[in-house]
Amino acid sequence: MEDYVQTKRKTYTSEGDNNFYSVLLVQTWDGQEWQDSERETISFNNGLLDSVLVETMNEEWENLHSYSFSEGNEGVIEISRNWSDGNWVNDNRYTFHDVTLTNYMQTVSELMEQEDLEIKEFSFYLEDSPSTSIENWDGQDWQFEERLMWETNGESSDEKILVFEDYINEHWVPESRMVFKYNDAELANKLEMQEYRGIEWATVFLEEYIYNDSGLRISHIQQFNMNGSFQNIARYDNTWQQVSTSTNRENELPVAHELGNAYPNPFNPATVVPYEMESANHVTIKVYDVTGRVISTLYDGMQAAGTHQVSLDGAQLASGKYIIRMESTGFTQTKGVTLVK
């Protein structure tokens with residue numbers, strides 16, 4: 001019987017009763033002991049979210065990214081910054097319209113319990129805000145780049161639509177949208193990624209979800225529109241069982257191949273894509289646009305068992321949604337990323 005090898009663990013330290021962790025420490029196993037890799041520290045002001053500091057270990061802790069939060073007349077404002085040459089440099093500014101920091105924190109807390117994602121990845125998922133505007137720092141001022149708007153279908157109460165618009169020549173122009181469809185239990189059972197083609201929306205990517213009687217997802221199917229015909233590209237089946245939990249949330253050992261969540265996401269101009277290999281095998285990691293066209297190959301070759309990562313450089317890519325696809329023997333998994341310039 002093969003032995004499992006420790007690769008990575010995450011330790012969450014919590015303070016107070018607001019359901020947020022205050023420090024997340026990521027460590028990797030070097031074969032003999034755990035080595036610090038990344039640290040995320042959350043600060044609060046009067047019980048409300050104030051900032052997130054992300055650091056990386058390179059002989060000592062070094063600044064990597066920061067996120068600040070404030071509440072204004074328009075809603076919650078989140079500003080992301082990157083550490084460069086000893087200074088913080090503005091990157092993106094998100095305005096979540098018509099929500100308060102209390103609303104924001106409540107939504108993030110719920111998502112943390114459901115998805116087990118780090119706090120810096122939550123901005124894209126916030127449904128409490130009817131619209132979210134995204135601005136890019138050009139070196140002197142903030143410039144509108146993209147807008148996300150939640151809409152409802154007047155003919156259907158079991159449908160939500162998230163529209164992505166680009167700011168072009170001082171006008172908002174539809175670019176793509178995500179259509180979420182829900183069953184009678186108010187669980188999302190279908191997602192359509194659609195592209196705007198001048199006068200109509202065209203579906204280019206589909207995801208379907210199947211649940212058991214307890215409301216737990218047991219199957220997940222993905223399809224691409226290939227020249228007008230939808231083709232299956234991946235299916236994921238889940239088996240649920242009762243397990244014990246620990247307050248020290250150490251990351252699971254690599255018992256299977258897995259494509260991790262890219263970070264940061266949304267990103268500009270680059271993002272890191274982590275992945276795990278259960279055993280040594282050939283693996284390919286490719287990037288597709290929403291039409292199914294291959295944009296880039298991030299890795300193609302043999303890879304050892306363990307935890308690895310690749311980088312996606314979007315400097316030459318247009319803003320928008322992209323699909324990262326990992327394939328190995330008997331394994332396929334995809335994840336979505338959003339490039340915002």
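Refer to the structure above for everything that follows.
Reference entry: report on the structure contained in this document. Quantities reported herein were computed from a predicted structural model and do not represent experimental measurements.

Parameters and conventions
- Residues numbered from 1 in each chain as written.
- Predicted model: local features only at pLDDT ≥ 70, side-chain atom pairs only at ≥ 80, totals over all residues.
- Heavy atoms only, no water.
- Helix = DSSP H or I, 4+ residues; strand = E, 2+ residues; numbered from the N terminus.
- Buried < 20%, exposed > 50% of the residue type's maximum accessible area, 1.4 Å probe, protein only.
- Contact = heavy atoms within 4.5 Å.
- Areas by Shrake-Rupley, 256 points an atom, 1.4 Å probe, with all protein chains shown as cover.
- Core = buried A, V, L, I, M, F, W, Y, C linked by side-chain atoms within 4.5 Å.
- Salt bridge = Lys/Arg side-chain N within 4 Å of Asp/Glu carboxyl O.
- Pairing = 2+ DSSP bridges.
- Phe/Tyr/Trp six-rings, centres within 6.5 Å; stacked < 30°, edge-to-face > 60°.
- Axes fitted to C-alpha atoms, helices over the stretch in contact; angles between N-to-C directions.
- Polar contact = N/O pair within 3.5 Å; in protein donor to acceptor, adjacent residues only side chain to side chain.

1. Quick notes on the overall build of the protein chain
- A count of helices and strands for the protein chain gives 1 helix and 22 strands.
- Across the 341 residues of the protein chain, 45% fall into the buried class.
- Taking contacts inside the protein chain between residues at least 6 apart in sequence as the whole, the part at least 24 apart equals 41%.
- Accessible surface for the protein chain amounts to roughly 18600 Å². Of this, 42% is attributable to carbon and sulfur atoms.

2. Here's the deal with the nonpolar core
- In this structure, Phe69, Tyr104, Leu162, Met178 and Phe180 are the most contacted members of the largest nonpolar core, which totals 42 residues.
- In this structure, Leu259, Ile285, Val310 and Leu339 belong to the second largest nonpolar core, which totals 19 residues.

3. Thoughts on unusual backbone geometry
- For the bond from Tyr263 to Pro264, the omega torsion is -5°, close enough to zero to count as cis.
- Residue placement: Pro264 occurs in the loop between β16 (258-259) and β17 (270-277).
- The phi dihedral of Asn169 falls on the positive side, at around 50°, and the residue is not glycine.
- Checked against the element boundaries, Asn169 lands in the loop between β10 (159-168) and β11 (171-182).
- Given the relative accessible area of 68%, Asn169 is considered exposed.

4. Comments concerning the pattern of salt bridges
- One pass over the full model with this rule turns up 11 salt bridges.
- The shortest N-O distance in the salt bridge between Lys321 and Glu175 comes to 3.2 Å. Here Glu175 lies in strand β11 and Lys321 lies in strand β21 (residues 320-328), a separation of 146 residues in the sequence. Grouping residues by exposure puts Lys321 and Glu175 together as buried.
- Several salt bridges share partner residues, and in doing so they unite Glu159, Lys181, Lys190 and Glu192 into one network.

5. A look at the sheet that holds strand β20 (residues 306-313)
- A sheet is described by the order of its strands in space; here 3 strands give the open sequence β16-β17-β20, paired in antiparallel fashion. Edge positions in the sheet fall to β16 and β20, since each of these pairs with one other strand and no more.
- With 8 bridges joining them, β17 and β20 adopt antiparallel strand pairing. Note on β20: the bridge partner recorded for Val273 is Val310.

6. Let's talk about the packing of aromatic side chains
- Scanning the entire structure with this criterion turns up 13 aromatic pairs.
- Their ring planes at 35° and their centres at 5.8 Å tell us that Trp150 and Phe180 sit as a pair that is tilted. Residue Trp150 is located in strand β9 (residues 142-152), and its partner Phe180 is located in strand β11; the two are separated by 30 residues in the primary sequence. A single burial state applies to Trp150 and to Phe180, both of which are buried.

7. Description of the sheet that holds strand β22 (residues 331-339)
- Read across the sheet, 4 strands follow the order β19-β18-β21-β22 without closing on themselves; strand pairing throughout is antiparallel. What marks the edges here is a single partner per strand, and that holds for β19 (294-303) and β22. Neighbour to neighbour, the strand axes of the sheet diverge by 15° on average, direction disregarded.
- Sheet analysis places strand β18 (residues 281-289) next to β21, joined by 7 bridges and oriented antiparallel.

8. Looking at the side chain of Glu195
- Checked against the element boundaries, Glu195 lands in strand β12 (residues 188-196).
- Taking the relative accessible area as the measure of exposure, Glu195 reaches 18% and is therefore buried.
- Here Arg197 takes part through its side chain, which lies 3.1 Å from a polar atom of the side chain of Glu195.
- If we skip the residues at most four places from it in the chain, Glu195 touches Glu175, Ser176, Glu200, Trp201, Ala202, Val204, Val290 and Thr291.

9. A few points about the pairing of strand β2 (residues 21-29)
- Where strand β1 (residues 8-14) meets β2, 7 bridges bridge the pair, whose relative direction is antiparallel. For Thr11, the partnering residue across the bridge sits in β2 and is Leu25.
- In the sheet, β2 pairs with strand β3 (residues 34-45) via 7 bridges, with the strands oriented antiparallel. Each residue of the ladder has a partner; that of Thr28, found in β3, is Gln35.
- Hairpin connection between β2 and β3: a loop of 4 residues separates the two successive antiparallel strands, and Gly31 in this loop has a positive phi of roughly 105°.

10. Examining the environment of Leu53
- Within the element layout of this structure, Leu53 appears in strand β4 (residues 48-58).
- Excluding residues within four positions of it along the chain, Leu53 makes contact with Arg39, Glu40, Thr41, Asn63, His65 and Trp88.

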